[in-house]
Amino acid sequence: MTSQLDAATALLSRHPLIDGHNDLPWSLREAHGPDAYLADLATSDGSTHTDLPRLAQGRVGAQFWSVFVPVSLAGEAAVATTLEQVDFVRDMISRYPGELELALTAADVERIFAAGKVASLMGAEGGHSIASSLGVLRTLYAMGVRYMTLTHNANTGWADSATDEPDCGGLSDFGRQVVSEMNRLGMLVDLSHVSPATMRAALDTVRAPVIFSHSSALALCDHPRNVPDEILAALPANNGVCMVNFVPRFVSQECRDWDRELEDDMKRRGLDPHDRATWVEARQEWVQDHPSPRATLAQVADHIEHVREAAGVDHVGIGSDFDGTDQLPDGLADVTCFPALFAELLNRGWSEADCARLAGGNVLRVMRDTEAAAS
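Below: a short report on this structure.

Conventions used here
- Residues numbered from 1 in each chain as written.
- Predicted model: local features only at pLDDT ≥ 70, side-chain atom pairs only at ≥ 80, totals over all residues.
- Heavy atoms only, no water.
- Buried < 20%, exposed > 50% of the residue type's maximum accessible area, 1.4 Å probe, protein only.
- Helix = DSSP H or I, 4+ residues; strand = E, 2+ residues; numbered from the N terminus.
- Pairing = 2+ DSSP bridges.
- Right-handed = clockwise from strand over helix to strand, strands pointing away.
- 1 Å grid on protein atoms, 1.4 Å probe; cavity = no way out; pocket = protein on both sides within 12 Å on 5 of 7 lines; lining within 4 Å.
- Points joined across faces, edges and corners; volume = space filled by probe spheres on them.
- Nonpolar A, V, L, I, M, F, W, Y, C, P; charged D, E, K, R; others polar.
- Arc of directions from axis to C-beta.
- Contact = heavy atoms within 4.5 Å.
- Polar contact = N/O pair within 3.5 Å; in protein donor to acceptor, adjacent residues only side chain to side chain.
- Salt bridge = Lys/Arg side-chain N within 4 Å of Asp/Glu carboxyl O.

### Overview of the pairing of strand E4 (residues 118–125)
Counting buried positions over the 8 residues of E4 gives 8, a clear majority of the element. Residues Val118, Ser120, Met122 and Ala124 line one face of E4 and the alternating positions Ala119, Leu121, Gly123 and Glu125 line the opposite face, and both faces are buried. Here strand E2 (residues 60–66) runs beside E4; their pairing, made up of 5 bridges, is parallel. Note on E4: the bridge partner recorded for Trp65 is Met122. Pairing between strand E3 (residues 100–102) and E4: 3 bridges, direction parallel. Its bridge partner lying in E4, Leu102 is registered against Ser120. Read as a crossover between parallel neighbours, the route from E3 over helix H5 (residues 106–114) to E4 is right-handed. One ladder, built from 4 bridges, connects E4 with strand E5 (residues 145–149); its direction is parallel. For Ala124, the partnering residue across the bridge sits in E5 and is Met148. Between the parallel pair E4 and E5, the chain is carried across by helix H6 (residues 134–142), and the sense of this crossover is right-handed.

Take a look at the structure:
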């Protein structure tokens, strides 16, 4: 494994690793408030999964920073907080010009990677961030946001979430307008978190490739956040990409079953399992009497291989969800561990060319196609 780890590290030095989803901005906001200057990314204090030294050690070439805000915020509050998070990320990038640089295009990613810095992109997580306003959507794009997840854990009124009760049957007429406007702008349509009906409606609406910025395979773990094989099989016709997630309850069926028991217990107590803060607190209590199973790096590799089998090697990527979860698989503790995942794939017989596609080549293609489809 050591020789393969060296080979994987060298590979990621030649080909940009583009991680589809990292929640560090919200994690830092919870710890320090909305001012980026209060957080020091130049040192590793162990309180997050991500900082500058560890990004370098993990050979991260480009990062989609999530400008997530919780679904408990709606309307003007959701919009204002999303704008604050965009400001936070832009400020974070500007404070470390030797290590980070804002990227808006595929060409930017390649140029910044060649300069030895982390190309920093932004993705909005949840359509509630635009408060049903195409003007807000356009403003987010103008400020540098390059994808939007159509929902988070709750319906938006115009798009159905994977973890909510069906509302509009996928996408409403306005939801289709949102998707079409994203294509017109050149913003990636992100189908993580949405229901299968929303996935199908979006695929029927788009004129550019879609992404799943941080999702895994439903066939291997039956969490509703994962992607069914029928949708994966549709990705080649769309030319899109599914970026595999590391969250244990999306990766391991044993972790999923344990998590479902926790959710059932929360519902019996009148708690909302989709509220992140409530879930974290309930989990801390639950685990004391119900030891949690562990997911593994090998299981993440299994999901990557399943997406490859179902969709093809040109339609798989990486979307870690670091700093968006309090649990991670053994072997994937933080952003330093990306080379270990690629070493596992090399051990399984993956070629360097296919690893390069997985790492970032596929996402760069989707970005270029989306930019070309903009009008």
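### Re the layout of surface pockets
Counted as a void, the largest pocket has a volume near 880 Å³. Going through the elements one at a time, helix H10 (248–251), helix H11 (253–268) and helix H12 (276–289) are the ones with two or more residues in the lining of the largest pocket. Counted by class, the lining of the largest pocket contains 11 nonpolar, 11 polar and 18 charged residues. Looking at the second largest pocket, its volume works out to about 240 Å³. Lining the second largest pocket are 14 residues, with Ala56, Val60, Gly116, Lys117 and Val118 positioned closest to its centre.

### Topic: H5
Listing the buried residues of H5 in full gives Ala106, Asp108, Val109, Ile112 and Phe113. All buried residues of H5 fall inside an arc of 155° around its axis, so they share one side. The elements touched by buried residues of H5 are helix H1 (2–14), strand E1 (17–22), E2, E3, E4 and helix H15 (352–373). Residue Gly116 follows H5 closely and has a positive phi angle near 85°.

### Remarks on the environment of Arg207
Mapped onto the elements of the fold, Arg207 is located in the loop between helix H8 (196–205) and strand E7 (210–212). Distance in space between the C-alpha atoms of Arg207 and Val86 is 27 Å, their sequence separation being 121 residues. Excluding anything up to four places from it in sequence, Arg207 contacts Asn183, Arg184, Ala373 and Ser375. Side-chain polar atoms of Arg207 contact the backbone oxygen of Ala373, separated by 2.4 Å.

### Quick notes on helix H2 (residues 24–32)
Side chains of residues three or four places apart in an α-helix project in the same direction, reflecting 3.6 residues per turn. For H2, the set of buried residues is Leu24, Pro25, Trp26, Ser27, Leu28 and Arg29. Buried residues in H2 make contact with E1, E2, helix H4 (75–94) and H12.

### Focus: the pattern of salt bridges
Going through the model one piece at a time under the given rule, you end up with 26 salt bridges. Between Arg260 and Asp222 there is a salt bridge; the shortest N-O distance is 3.5 Å. A residue pair is termed long-range when its members are at least 10 positions apart, and Arg260 in helix H11 and Asp222 in the loop between E7 and helix H9 (229–238) qualify at 38 residues. According to the relative accessible area criterion, Arg260 is partly exposed, its value standing at 28%. Through salt bridges with shared partners, a single ionic network connects Glu101, Asp108, Arg111 and Lys117.

### Some details on the pairing of strand E8 (residues 241–244)
Across the two faces of E8 the burial is the same, with Val241 and Met243 and Cys242 and Val244 all buried. Here E7 runs beside E8; their pairing, made up of 2 bridges, is parallel. Bridge pairing in E8 places Ile211 opposite Val241. Following the chain from E7 across H9 to the adjacent parallel E8, one finds a crossover that is right-handed. Of the pairings in the sheet, the one linking E8 to strand E9 (residues 316–318) comprises 3 bridges and is parallel in character. Following the sheet pairing, Met243 is matched in E9 by Gly317.

Function cannot be inferred from these measures alone, as they are strictly geometric.
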